[in-house]
Amino acid sequence: MDTQEIIEKYRRYTYGLGTYYKQPLPLVKGEGKWLTDSEDKRYLDFFGGIVTVSLGHCHPRVVAAIEKQAHTLQHVSTLFPTVPLVELAETLEKLFQGERPAKMFFTNSGTEAIEGAVKLVRKYTRRSRLVAFCGGYHGDTLGALSLCDSGAYRRPFEPLLGPVEFLPFGSVDDLARIDDGVAGVVIEPIQGEGGVRVPPDDFLPALRRRCDAVGALLVCDEVMTGLGRTGRWFACQHWDVSPDVLVLAKALGGGLPLGAFISRPAVMQTLAHDPPLAHVTTFGGHPLSCAAGLAALDLAARERLPERAARVGEAWRARLHGLVGAVLREVRGRGLLIGLEFASPELTRRFCRAAFARGLILNWTLHRDTVVRLAPPLVISDADSERALSAIEQAVAEVGH
Ligand SMILES: Cc1ncc(COP(=O)(O)O)c(C=O)c1O
């Protein structure tokens, strides 16, 4: 199929999610940090399938694990234990930052894991109120969207799930509004789609203390930040905070769909009774996804990718700070989750196009159209870092003219 035919069919037969470029970009091949389009042009991928592809595309070890599992056992449902599922659960339990031992529930996506986590905290505490933060993003289903305060995204779908109270992200004083009627507090330790926002250092520890004081469960949504992206296995470790419930997805499946929510046994057990199987899913923890995820986690641990993300990310930010001026207003983030805040949405779009013309695929964040997110594979080489950084420097200079 040639490029025009793919685009035409995409436009005719699919809802055709908005593209960040002038026309849809058909992609036909992925290899490491490279993506190849239908005209055989190669790009460095800084978008990573929305901050998912931590090991690069089609890593040979992940491909081999998928292939082996595909020949062995595919779908059986969550009601039967499979080898890749229990092995991945064991590996994750060792990494979990909360109280151990821990148990997990596997899903197909981050949104579905958030939905499960919300049901879990309500059932366990027998309370219904939830607290979330301004600028947060947790997914687009009715439940997950209810935890997002953006009027533009909420209004067309209201009424949403309630009661949810939104507090300012980063304000320690406002945490006093969390009281003993709150079932759970859902937070991204570093906000992703809200514009790569890092909270002040005292914020998450204060939130942990407040949740303990009122008996609310702290749910850390590490769908985007988890598994090494920010320079630690989990972003909450930057502040030595342990969640009651940890939510993962994106990088978890090594490129295949997989999510999970994790908590201590006493909490997780509440989903198993009254009624029995109070929460189930058909495909969650699919053997292929778990096999891919296990191979990916193993590689991330062996190659010490969290440490690498911390080191490379710091060097990037130091260099990008040199570009701050009238066009690029701020550079922030942790590890290899980096936000570039531009002076206007128009400049942001022009920057993305200028970077694209230089072979970089990147985008602005969903709920903040003045912030471009850089999320390269954590395995990016020094040579590719250099290539990307000089493309970014040139793109900022072009937009400034
Ligand atoms: C922090 C966060 N939570 C939840 C989600 C939803 O995950 P998914 O798209 O896998 O359903 C996202 C997606 O971008 C996210 O960034």
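## Here's the deal with the packing of helix 11 (residues 305-321) against helix 13 (residues 382-400)
Each packed pair of helices is defined by two parameters, the angle between the axes and the distance between the axes. It is the contact of helix 11 with helix 13, at a shortest axis distance of 11 Å, that shows an interaxial angle of 30°. Put simply, helix 11 runs roughly parallel to helix 13. Where helix 11 crosses over helix 13, the two elements pack in a sense that is right-handed. The residues of helix 13 that touch helix 11, namely those facing Arg308, Val312, Trp316, Arg319 and Leu320, are Asp382, Ser385, Glu386, Ala388, Leu389, Ser390, Ile392 and Glu393. For the contact of helix 11 with helix 13, the class distribution of residues is six nonpolar, two polar and five charged.

## Concerning the environment of His138
Turning to its location among the elements, His138 is positioned in the loop between strand 5 (129-133) and helix 6 (142-145). As a C-alpha pair, His138 and Glu165 span 27 residues in sequence and 15 Å in three-dimensional space. Those residues in contact with His138 that lie beyond four places of it in its chain are Thr111, Ile114, Ala144, Leu147, Val186, Ile187, Glu188 and Asp221. One polar contact links His138 to Asp221, side chain to side chain, over a distance of 2.7 Å.

## Quick look at the pairing of strand 15 (residues 368-374)
Across a regular strand the side chains alternate sides, sitting on one face of the sheet and then on the other. For strand 15, a buried count of five out of seven residues is recorded, marking the element as mostly surrounded by other parts of the structure. Pairing analysis gives four bridges linking strand 12 (residues 337-342) to strand 15, with the strands arranged antiparallel. Bridging from a neighbouring strand, Glu341 pairs with Val371 of strand 15. When strand 14 (residues 363-365) meets strand 15, the two strands line up antiparallel, connected through three bridges. Of the residues in strand 15, the one forming a bridge with Thr365 is Arg368. What sits between the antiparallel neighbours strand 14 and strand 15 is a turn of two residues.

## Things to note about the pattern of salt bridges
Two side chains of opposite charge can pair, provided their charged atoms sit close to one another. The full count for this structure, using the stated rule, is 25 salt bridges. Between Glu8 and Arg12 there is a salt bridge, and its shortest N-O distance comes to 3.1 Å. With a gap of four residues between them, Glu8 and Arg12 both fall in helix 1 (residues 3-13), about one helical turn apart. Of the residues examined, Glu8 reaches a relative accessible area of 47% and is grouped as partly exposed. Between Arg177 and Glu165 there is a salt bridge whose closest N-O contact spans 3.2 Å. Residue Arg177 is found in the loop between strand 6 (164-167) and strand 7 (182-187), and its partner Glu165 is found in strand 6; the two are separated by 12 residues along the sequence.

## Some points on a nonpolar patch on the surface
A cluster of nonpolar side chains, namely Leu79, Phe80, Leu277 and Val280, defines an oily patch on the protein surface of about 430 Å² accessible area. Tracing the backbone shows Val280 in the loop between helix 9 (265-268) and helix 10 (287-302). Classification of Val280 as partly exposed rests on a relative accessible area of 49%.

## Some points on the domain arrangement of the protein chain
Each domain of the protein chain was delimited in the assignment, giving domain 1 (3-58 + 304-400) and domain 2 (62-302). With both sides pooled, the region where domain 1 packs onto domain 2 buries about 2500 Å², and carbon together with sulfur makes up 62% of that total. The interface formed by domain 1 and domain 2 holds two salt bridges in total. Linking Arg334 and Asp201 is a salt bridge whose minimum nitrogen-to-oxygen distance equals 4.0 Å. Between domain 1 and domain 2 we count 15 residue pairs in polar contact (both at pLDDT 80 or more) in total. Contributions of two or more residues to the side of domain 1 that touches domain 2 are made by helix 2 (48-51), helix 11, strand 11 (328-334), strand 12 and strand 15. Counting residues per element, the side of domain 1 that touches domain 2 draws most heavily on helix 11, at five residues.

Definitions and limits used
- Residues numbered from 1 in each chain as written.
- Predicted model: local features only at pLDDT ≥ 70, side-chain atom pairs only at ≥ 80, totals over all residues.
- Heavy atoms only, no water.
- Axes fitted to C-alpha atoms, helices over the stretch in contact; angles between N-to-C directions.
- Helix = DSSP H or I, 4+ residues; strand = E, 2+ residues; numbered from the N terminus.
- Parallel < 35°, antiparallel > 145°, perpendicular 65-115°, else oblique.
- Left-handed = near helix turned anticlockwise from the far one by under 90°.
- Contact = heavy atoms within 4.5 Å.
- Nonpolar A, V, L, I, M, F, W, Y, C, P; charged D, E, K, R; others polar.
- Polar contact = N/O pair within 3.5 Å; in protein donor to acceptor, adjacent residues only side chain to side chain.
- Buried < 20%, exposed > 50% of the residue type's maximum accessible area, 1.4 Å probe, protein only.
- Pairing = 2+ DSSP bridges.
- Salt bridge = Lys/Arg side-chain N within 4 Å of Asp/Glu carboxyl O.
- Patch = residues over 30% accessible without salt bridge, like charges linked within 9 Å, V, L, I, M, F, W, Y side chains within 5 Å.
- Areas by Shrake-Rupley, 256 points an atom, 1.4 Å probe, with all protein chains shown as cover.
- Domains from an automatic or database assignment.
- Buried area = accessible area lost by both parts, 1.4 Å probe.

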